[in-house]
Amino acid sequence: MSREITQRELRNDSGEIMRALDRGESFVVTRNGVAVGELVPVRRRRFVAASAAAAAFANAAAIDAEQFRRDIDAVLDQDPAPRV
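Residues numbered from 1 in each chain as written. Predicted model: local features only at pLDDT ≥ 70, side-chain atom pairs only at ≥ 80, totals over all residues. Heavy atoms only, no water.

Draft legend 1. Layout of unusual backbone geometry. Although it is not a glycine, Asn32 sits at a positive phi angle of roughly 55 degrees. When you line up the elements, Asn32 lands in the loop between strand 2 (27-31) and strand 3 (34-39). (Helix = DSSP H or I, 4+ residues; strand = E, 2+ residues; numbered from the N terminus.)

This is the structure we're talking about:
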């Protein structure tokens, strides 16, 4: 749940707000009582072992590479001409 803070609080208490973001807290910033933005912590990257990633997709359906390429080509314009 986000804590509501005013623009003035953000300016005056920025150090404490940054430490709270480090702790995982979120904020909604208001100006004249109207919400104008959100401050949320950046998601930390987590290392996932290759074996764990492989296990997560072990039961996934097989992909037909040729059909996948046709599907992509049908949606995207992939002009191979250089743009130089």
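Anyway, onward from the coordinates.
Draft legend 2. View of the nonpolar core. Core analysis: the largest hydrophobic core is formed by six residues, namely Ile5, Ile17, Ala20, Leu21, Phe27 and Val29. Listing elements by their share of this core, those giving two or more residues are helix 2 (14-22) and strand 2. Sort the elements by how many residues they give to this core and helix 2 lands first, with three residues. (Core = buried A, V, L, I, M, F, W, Y, C linked by side-chain atoms within 4.5 Å. Buried < 20%, exposed > 50% of the residue type's maximum accessible area, 1.4 Å probe, protein only.)

Draft legend 3. How the structure looks around the sheet that holds strand 3. The three strands are arranged 1-2-3 in an open sheet whose pairing can be described as mixed. Pairing within the sheet leaves two strands with one partner each, and these edge strands are strand 1 (3-6) and strand 3. Going from strand to strand, the sheet's axes swing by 35 degrees on average, the running direction of each strand aside. With five bridges joining them, strand 2 and strand 3 adopt antiparallel strand pairing. The residue bridging Val29 from the neighbouring strand is Gly37, located in strand 3. In the packing of helix 2 onto the sheet, contacts are made with strand 1, strand 2 and strand 3, and the angle to strand 2 comes to roughly 150 degrees. (Pairing = 2+ DSSP bridges. Axes fitted to C-alpha atoms, helices over the stretch in contact; angles between N-to-C directions. Contact = heavy atoms within 4.5 Å.)

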